[in-house]
Amino acid sequence: AQKVTQAQTEISVVEKEDVTLDCVYETRDTTYYLFWYKQPPSGELVFLIRRNSFDEQNEISGRYSWNFQKSTSSFNFTITASQVVDSAVYFCALSERQGAQKLVFGQGTRLTINP
Amino acid sequence: EAGVVQSPRYKIIEKKQPVAFWCNPISGHNTLYWYRQNLGQGPELLIRYENEEAVDDSQLPKDRFSAERLKGVDSTLKIQPAELGDSAVYLCASSQTRLGYEQYFGPGTRLTVT
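First things first, this report covers the structure right here in the doc. Bear in mind the structure is a predicted one, so any value in this text is a computation, not a measurement.

**Section: the overall build of chain B**
Thinking step 1. Looking only at helices and strands, chain B has 0 helices and 11 strands in total.
Thinking step 2. Helices (α) and strands (β) of chain B occur, in sequence order from the N terminus, as β-β-β-β-β-β-β-β-β-β-β.
Thinking step 3. Over its C-alpha trace chain B gives a radius of gyration of 13 Å, about what one expects of a compact globule, namely 13 Å for 114 residues.
Thinking step 4. Dimensions along the principal axes, computed over C-alpha positions, put chain B at roughly 40 × 25 × 25 Å.

Written out as structure tokens, the structure is:
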């Protein structure tokens, strides 16, 4: 069965600090996809990134970067030089080939960036 | 390009009353999903459609929940009768019909059952 764990329930940092959100997943499938979504106070889930299980290259997009490590079943998300607008709940999610597009979400991490 | 549209945004009803939510997916997205998000939790899938066919409804409480997507475009999710425990945000999402493609979410309907 697929499972996603986000152990950090809440994180609070001061603006301009770097912050890393942890995500650990469980799956028996060899083909799977990992996602990060952002949910700002408005409530709409915003897609940030997708990685497949065969691509362990880390990715950087502006101040955002993602570290995918199959050896530890982790897909961590780092925000560099955080800004107040980054405040939101962030969800990590997993879909398996056998699960056919069903997204299983973690519990989410509430990130607060203080000015 | 328009995103996923949902209505209403908020709904307050008394228990035992019926309620319906509507969703219009992104144009060209044949796969449509309904999720429920309880407070402080991640979304959980209720039902997935491929065109007009419900291909995964294993998590849908069928005694009181129903859904339809008659023409393979927009969809309606209904609860009858509503219970206090149904209070949650109901999210609709859509994606291309290929494994691993990202899902795009609507703003959700926040349901409060009193």
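**Some remarks on the layout of surface pockets**
Thinking step 1. The calculated volume of the largest pocket comes to roughly 650 Å³.
Thinking step 2. What lines the largest pocket is a set of 33 residues, and nearest its centre among them are Gln-39 and Arg-110 of chain A together with Gln-37, Leu-39 and Gly-40 of chain B.
Thinking step 3. Elements that contribute at least two residues to the lining of the largest pocket include exactly β10 (88–96) and β12 (109–114) of chain A together with β9 (88–95) and β11 (109–113) of chain B.
Thinking step 4. Grouping the constituent residues of the lining of the largest pocket by class yields 12 nonpolar, 17 polar and 4 charged.
Thinking step 5. Of the voids in this model, the second largest pocket is the one considered here, and its volume is about 300 Å³.
Thinking step 6. Forming the boundary of the second largest pocket are 17 residues, of which Val-104 and Phe-105 of chain A together with Pro-43, Glu-44 and Leu-45 of chain B lie nearest the centre.
Thinking step 7. Going through the elements one at a time, β1 (3–5) and β11 (104–105) of chain A together with β5 (44–50) of chain B are the ones with two or more residues in the lining of the second largest pocket.
Thinking step 8. The dominant element in the lining of the second largest pocket, judged by the number of residues it contributes, is β5 of chain B, at 3 residues.
Thinking step 9. Looking at the lining of the second largest pocket residue by residue, the classes come out as 7 nonpolar, 6 polar and 4 charged.

Conventions used here
- Within any chain, residue numbers begin from 1 and follow the written order of that chain's sequence.
- Chains carry letters and ligands carry numbers; both start at the beginning, A for chains and 1 for ligands, and go up in the order they are written.
- Reporting of local features is limited, given that this is a predicted model, to residues whose pLDDT is at least 70; pairs of side-chain atoms are given and counted only at 80 or more, and all residues count toward the totals for whole chains, interfaces and linings.
- Hydrogens and waters are ignored; side-chain quantities use all the structure's heavy atoms.
- A run of H or I in DSSP counts as a helix once it spans at least four residues, and a run of E counts as a strand once it spans at least two, with each numbered from the N terminus.
- Both definitions apply: the radius of gyration is a C-alpha atom measure, and the globule rule equals 2.2 Å times residues to the power 0.38.
- Cavity means a closed set of points on a 1 Å grid over the protein atoms alone, one where a 1.4 Å probe fits but cannot get out, pocket means an open set with protein on both sides within 12 Å along at least 5 of 7 lines, and lining means a residue has an atom within 4 Å of a point.
- Grid points are joined across faces, edges and corners, and a volume is the space filled by probe spheres set on the points.
- Each residue gets one label: Ala, Val, Leu, Ile, Met, Phe, Trp, Tyr, Cys and Pro are nonpolar, Asp, Glu, Lys and Arg are charged, and the others, such as Gly, are polar.

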